[in-house]
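# Structural characterization, general
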Amino acid sequence: MKEQKGKNADLGPKMARRRVHERNPGPDARVPSYRRLPLRFTHGEGARLYDEEGKAYLDFLSGLGVTALGHAHPGLTEALRDQAGKLLHVSNLYDEPLQARCAARLTEACGLDLVFFSNSGAEANECALKMARRYQHNRGETGRRAFLALERSFHGRTMGALSVTANEAYRAPFAPLIPDVQFVPPDDVHALEGALATEAFAALILEPIQGESGVHPLSKSYLETALNLSHGTGTLLVIDEIQTGGGRTGSFLSCQQAGVQPDIVTLAKPLAGGVPIGATVARREVGESLQPGDHGSTFGGNLLACRGALFFLEELFDRGLLVRVRKAGERFEKGLRDLAKKHKTIRDVRGQGLMLAIDLDQPSAPVNERLLQSGLLANSLAETALRFLPPFIVQDEEIDEALDLLDQSL
Ligand SMILES: Cc1ncc(COP(=O)(O)O)c(C=O)c1O
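Here the structure is a predicted model, which means the values were calculated and not measured.

Calculation criteria
- Residues numbered from 1 in each chain as written.
- Predicted model: local features only at pLDDT ≥ 70, side-chain atom pairs only at ≥ 80, totals over all residues.
- Heavy atoms only, no water.
- Helix = DSSP H or I, 4+ residues; strand = E, 2+ residues; numbered from the N terminus.
- Expected span 1.5 Å × (residues − 1).
- Buried < 20%, exposed > 50% of the residue type's maximum accessible area, 1.4 Å probe, protein only.
- Arc of directions from axis to C-beta.
- Contact = heavy atoms within 4.5 Å.
- Salt bridge = Lys/Arg side-chain N within 4 Å of Asp/Glu carboxyl O.
- Pairing = 2+ DSSP bridges.
- Lys, Arg positive; Asp, Glu negative; His and termini not counted.
- Polar contact = N/O pair within 3.5 Å; in protein donor to acceptor, adjacent residues only side chain to side chain.
- pLDDT = per-residue confidence, 0-100.

## Digging into helix 4 (residues 97-110)
Along its 14 residues, helix 4 runs 20 Å from first to last C-alpha, staying within 8% of the 20 Å computed at 1.5 Å per residue. Within helix 4, the full set of buried residues consists of L98, Q99, C102, A103, L106, T107, A109 and C110. The arc that holds the buried residues of helix 4, viewed along the axis, is 160°, so those residues lie on one side. More than 90 degrees from the buried face of helix 4, the exposed residues found are P97, R101 and E108. Summarising the contacts, the buried residues of helix 4 are in contact with helix 3 (74-86), strand 4 (114-118), strand 11 (264-267), strand 12 (278-282) and helix 11 (303-317). The positive-phi residue at the C-terminal boundary of helix 4 is G111, with phi of around 70°.

## Looking at the pattern of salt bridges
In the structure shown here, the tally under the stated rule is 26 salt bridges. Its salt-bridge partner being D294, residue R134 comes within 3.1 Å of it at the nearest N-O pair. In this pair, R134 is assigned in helix 5 (residues 121-138) and D294 in the loop between helix 10 (284-287) and helix 11, connecting sequence segments 160 residues apart. Via salt bridges that share partners, R324, R331, D396 and D400 belong to a single interconnected network.

## Digging into the pairing of strand 1 (residues 41-45)
In summary, the side chains of a regular strand alternate between the two faces of the sheet. Two strands pair when backbone bridges link them, and strand 1 and strand 2 (residues 48-51) are joined in this way by four bridges, in the antiparallel orientation. By the bridge assignment for strand 2, E45 is matched with R48. Linking strand 1 back to strand 2 in an antiparallel pair, the connection comprises two residues, with G46 at a positive phi of about 60°.

## Some thoughts on the side chain of E241
Mapped onto the elements, E241 comes out in the loop between strand 10 (236-240) and strand 11. One buried charged residue, E241, remains without a salt bridge, the closest side chain of opposite sign being R248 at 10.0 Å. At a separation of 2.9 Å, a polar atom in the side chain of E241 contacts the main-chain amide nitrogen of S254. What E241 contacts, discounting residues up to four positions off in sequence, is P208, L253, S254, C255, V265, T266 and L267.

## A look at the confidence of the model for the protein
Of the residues in the protein, 94% reach a pLDDT of 70 or more, and the chain-wide mean stands at 94. Per-element confidence in the protein is highest for strand 12, whose mean pLDDT is 99, and lowest for helix 1 (residues 13-23), whose mean pLDDT is 46. Every residue in residues 1-21 is under pLDDT 50, and counting partners more than four places away or in other chains gives eight contacts.

Spelled out as structure tokens, the structure:
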């Protein structure tokens, strides 16, 4: 064999190949299902992210509503490090006291009784749909298999969650989905009344603030009516709080501000501060309908995720973070409303707490692009909306800085 020459000669052929590959990685081996920006973050601290060039960005999107404690939170980091040094995972074949403690804290926060842990929002909704059908089946209501959902809804990308998601562009290529799903216009009580009168539905599923379709809050009276109508007709009410929940709107669940107590709540995004988690939280009678063999998840209730969730819940309730969300949300919303007076292009400010959006009379993508250049991460959606999901630990000065950057970009 010829002697290898050059910089990689002493690495051995395998390492040399790897190093060449790192410098010139070739075609991207990832499924092209995301439109990724060519932006590479190396680390973060609090509400800031830093890219390869050392440029700082104010992160007002939190990884799509996930990193509520900001980046590299010292307490969360320590808790996760400690857990990783003890046990990461043992499976649901065995009892896990940490998981049970996490369940107790979470159900108390929701005012409900039982939780099934999974790993994502879509999975939490899958479980909710199965739970609703199982509950109706156990009651002998075998005709109640359909689901009622709202137009403009988003509940996830797996087949069940997609079936109750309204966006036709997401649905059509994957048909046939779950049959017997009906959509009614949001905030339309008559449409809801008409649909529920058919007594065909296992459950009604809705987001209290429709996030992905542009941050559209449902009215308090509509939520109250949805609860009364569904209970009056024997339909379960599932509230998807995957984006709104975990404190983002200033209360643990957004529906708590409307005084509405659903049968099932689904949670995910911020719940473990960035570690994947999903939770389907239910009233006892409804949760108990899933018996051994009915549902499962290898990673669900994973110890690292539960440790993260326990830490997150302690921050929220024991160390005042929920109060902080309310104050920060008020400051940010007021700032956005002031900007709306100054910039006529802003035709609406929507949302609650730290889930806010402005709606423009022009496409929002170019404004978002300017924000990115100026160092503010937000998200353009529904053509004309700009969505902000800042971390809960965001400081007043950071809110003011974001408002300044937005002012300039408009
Ligand atoms: C309201 C709502 N439900 C469900 C989901 C799906 O969550 P995941 O992407 O974790 O599956 C999302 C994600 O954005 C969401 O906003």
